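Descriptive structure summary
Listed here are the chains, written in short residue letters.
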Amino acid sequence: MEKIVSLCKRRGFIFQSSEIYGGCGGVWDYGPLGAELKRNLRTAWWNTMTREREDVLGLDASILMNPAIWKASGHVDTFADLMRECSLTNKRVRADHVDPQAGTVLSYTGAQSPTGWRWDRAISALLKNGEHIESFRKRIRTLIAQNAGAAAGKPEEIELLGETKGETLEKTVDFHPETGGALGEARPFNLMLKTYLGPTATEDDVTYLRPETAQAIFAQFKNVFDSSRVKVPFGIGQIGKAFRNEVTPKNFTFRSREFEQMELEFFIKPDEAVEIISGEVAKWSEGADLSEPQPNWGWEMWHRYWVDQRTKFYEGIGLGDVLEYYWQTPEDLAHYARACVDILCEFPFGTEELEGIAARGDFDLSAHQNASTKSQEIFDEELKNAAVKLTDEQKEALIQKRLAAEAAKVKGEPMPEAAVRAWFERLFKGNYVPHVIEPSAGLDRMALAVIAKAFSETEKTDEKGKKETITVLRLHPRVAPIKVGVFPLLKNKPELVAKAREVYALLKKHMNCFYDETASIGRRYARQDEVGTPFGVTIDFDTLGEKGPELLDTVTLRHRDSNEQERVKISDLLGKLLPLVS
Ligand code: GAP
């Protein structure tokens, strides 16, 4: 990971935000190559998920929204991590991010200093196995001095009072991983970043930077539906910034406080509506055909379909062979969720979530319908026409089936019978709040995943026998920030340079290219390999026709991964490269 972080900085992919002022925790800036890489990933997602489909529309909503949205969605009350606070320093850590430690507990009754400052409170900290007692005490004094401020005076003059040795522990998670101070009880900590909207900056003006892009899609569902002549099933996709006050941002950009999400809310009919229209709801089984959506698909087939679609997307950007899937168990699932799968990816620090795909029922739209009192129902003509043909017995059978499902619910309150009957009454008239499947991906994680997957090192021996470690970023051509390096063989031959400039001008209208005439050709290839450029074009004397007319206006096209070189006519170059990079 260190090598990847270093490469990202050295070659302009990712920089620490506000670095000249010591950084800003959990936020990152993308340099010239990172910006291109992210843009390519964003475009790949947008094209695959919206442009190339007939059933998905795009949205670009604001980051700031009416705070009522976050109340209705449950974020104000429940979007929290459990945190524990260090009793020495008040530093917080996520309760589930404390790795087990081994050591001996040392306790003090308090501390005092010659300045007259006194701390009359019990202190407990972990002397880690292998740590010298004196360096431990020095550390505790320093931490206390930092916490107490100027009043405590110099750390070395602080006296720790009433030291006692306690238990020796093998795998404790009760001490702060950095400070060693005892951790307090786990308490929920809301992850939303608060801000004020309006000039008075009072509590009445509080709103939040959105912690996900999804809620704006729900809040605009009716506007998109009414303005776009679409029918359920259809989706709304959005790409944009999201903000979370992560307690412990870590692993480079993997868990950041400002990041970008790419989310699709795909709205579907409730299974009961599918059954009324199609006479059945297709059941998923291993090997089921997911290639083309079918009218008899309920939430389960749609959910599987989107897992399959998203997997294909990842294959298309070179991540196919590093994916794993975690299907959440009924215990993991939120009470409203029917299923959720985490698409995991191999990172240098472990296998972690890249994207979540959840079947969320009608929870979100119904929550906004209740809170805003604005109907989120749609009218489905096909459903109404099919329901008219049902007998009373058939209708009652559907109601009884739903009541049995409600009674068998493992989590959450079953819907009361009167509410179920009222819901069916609306359904038989063609009205319902759509259900949703939500594939939700993180752009920054995706960028990190492709860089990590592409990173490789090889050892090379040069002509003088000197060994050198060469870094090659084997980025998929579709996502690579620079698609082609253009190189005149020599920079002091005006004819070569002029031809190379011509080729560069031809290509750069269509793809991001890099022109380089400095250093040896091998060095220039190596520089491009390090930033993942998949192709190199060299203009040499053959291009000028010096070896005969058959090679006139041809160039050497080098392929980064195979190191193969082929001779290509300049007039064929664009046609050859475009399909490979887009
Ligand atoms: N609307 C659903 C939702 O937001 P999530 O699992 O919290 O679900 C979806 O987030 C995706 O957003 C994650 O799979 C991850 O790729 C990305 N993501 C979430 N928190 C992140 C963070 N702190 N830093 C970077 N990416 C994050």
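Residues numbered from 1 in each chain as written. Predicted model: local features only at pLDDT ≥ 70, side-chain atom pairs only at ≥ 80, totals over all residues. Heavy atoms only, no water.

Things to note about the packing of helix α2 (residues 32–51) against helix α14 (residues 443–454)
- Contact geometry for α2 and α14: axes closest at 10 Å, N-to-C directions at 110°. With respect to α14, the axis of α2 lies roughly perpendicular. As α2 runs across α14, the sense of the crossing is right-handed. Between α2, through L37, K38, L41 and R42, and α14, the contact on the second element is made entirely by L443, D444, M446, A447, V450 and I451.
- When grouped by side-chain class, the residues that make up the contact of α2 with α14 number 7 nonpolar, no polar and 3 charged. (Axes fitted to C-alpha atoms, helices over the stretch in contact; angles between N-to-C directions. Helix = DSSP H or I, 4+ residues; strand = E, 2+ residues; numbered from the N terminus. Parallel < 35°, antiparallel > 145°, perpendicular 65-115°, else oblique. Left-handed = near helix turned anticlockwise from the far one by under 90°. Contact = heavy atoms within 4.5 Å. Nonpolar A, V, L, I, M, F, W, Y, C, P; charged D, E, K, R; others polar.)

Notes on the packing of aromatic side chains
- Scanning the model with the defined rule gives 23 aromatic pairs in all.
- Consider the rings of Y336 and F363, whose centres lie 3.8 Å apart with planes at 15°: the pair is stacked. In this pair, Y336 sits in the loop between β17 (323–327) and β18 (339–347) while F363 sits in helix α10 (residues 363–372), placing the two residues 27 residues apart along the sequence.
- A relative accessible area of 24% means that Y336 is categorised as partly exposed.
- Taken together, a centroid distance of 5.1 Å and an interplanar angle of 10° make the contact between F347 and F349 stacked.
- What makes F349 partly exposed here is its relative accessible area of 23%. (Phe/Tyr/Trp six-rings, centres within 6.5 Å; stacked < 30°, edge-to-face > 60°. Buried < 20%, exposed > 50% of the residue type's maximum accessible area, 1.4 Å probe, protein only.)

Concerning the sheet that holds strand β8 (residues 118–119)
- Pairing in this open sheet of 3 strands is antiparallel, and the strands run β8-β7-β10 from one edge to the other. The open sheet terminates on both sides in strands that have one partner only, identified here as β8 and β10 (159–161).
- Where strand β7 (residues 110–112) meets β8, 2 bridges bridge the pair, whose relative direction is antiparallel. By the bridge assignment for β8, A111 is matched with W119.
- Packing against the sheet, helix α5 (residues 133–148) makes contact with β7, β8 and β10, and its axis sits at approximately 100° to β10. (Pairing = 2+ DSSP bridges.)

Things to note about α10
- Within the sequence span of α10, burial applies to D364, L365, S366, A367 and H368.
- The secondary structure elements touched by the buried residues of α10 are α3 (68–72), α6 (214–219), α7 (221–228), β16 (258–268) and β22 (435–442).
- Just downstream of α10 lies T373, where phi reads positive at about 60°.

Quick look at the pattern of salt bridges
- All chains considered together, the criterion is met by 44 salt bridges.
- D380 serves as the salt-bridge partner of K269, at 2.8 Å between the closest nitrogen and oxygen. Remark: D380 occurs in the loop between β20 (378–379) and α11 (381–388) and K269 occurs in the loop between β16 and α8 (271–278); sequence separation between them is 111 residues.
- Judged by relative accessible area, D380 falls into the buried class, the value being 7%.
- Ionic pairing is found between E396 and R421, a salt bridge with its closest N-O pair at 2.9 Å. Residue E396 is found in helix α12 (residues 392–407), and its partner R421 is found in helix α13 (residues 417–428); the two are separated by 25 residues along the sequence.
- When its relative accessible area of 30% is taken as the criterion, R421 is described as partly exposed.
- Each of D81, R94, D96, E246 and R255 takes part in one network of salt bridges that share partners. (Salt bridge = Lys/Arg side-chain N within 4 Å of Asp/Glu carboxyl O.)

A closer look at the site of the ligand
- Taken together, 19 residues are adjacent to the ligand, and E212, R244, S256, E263 and E353 come closest.
- One of the side-chain nitrogen or oxygen atoms of R244 is found 2.8 Å away from an oxygen atom of the ligand.
- R445 is positioned with one of its side-chain polar atoms (N or O) 3.5 Å from a nitrogen atom of the ligand.
- Coverage of the ligand by the protein chains reaches 88% of its 550 Å² of free accessible surface.
- Contributing elements (two or more residues each) for the shell around the ligand: β16, β19 (350–359) and β22. (Near = heavy atom within 4 Å. Polar contact = N/O pair within 3.5 Å; in protein donor to acceptor, adjacent residues only side chain to side chain. Areas by Shrake-Rupley, 256 points an atom, 1.4 Å probe, with all protein chains shown as cover.)

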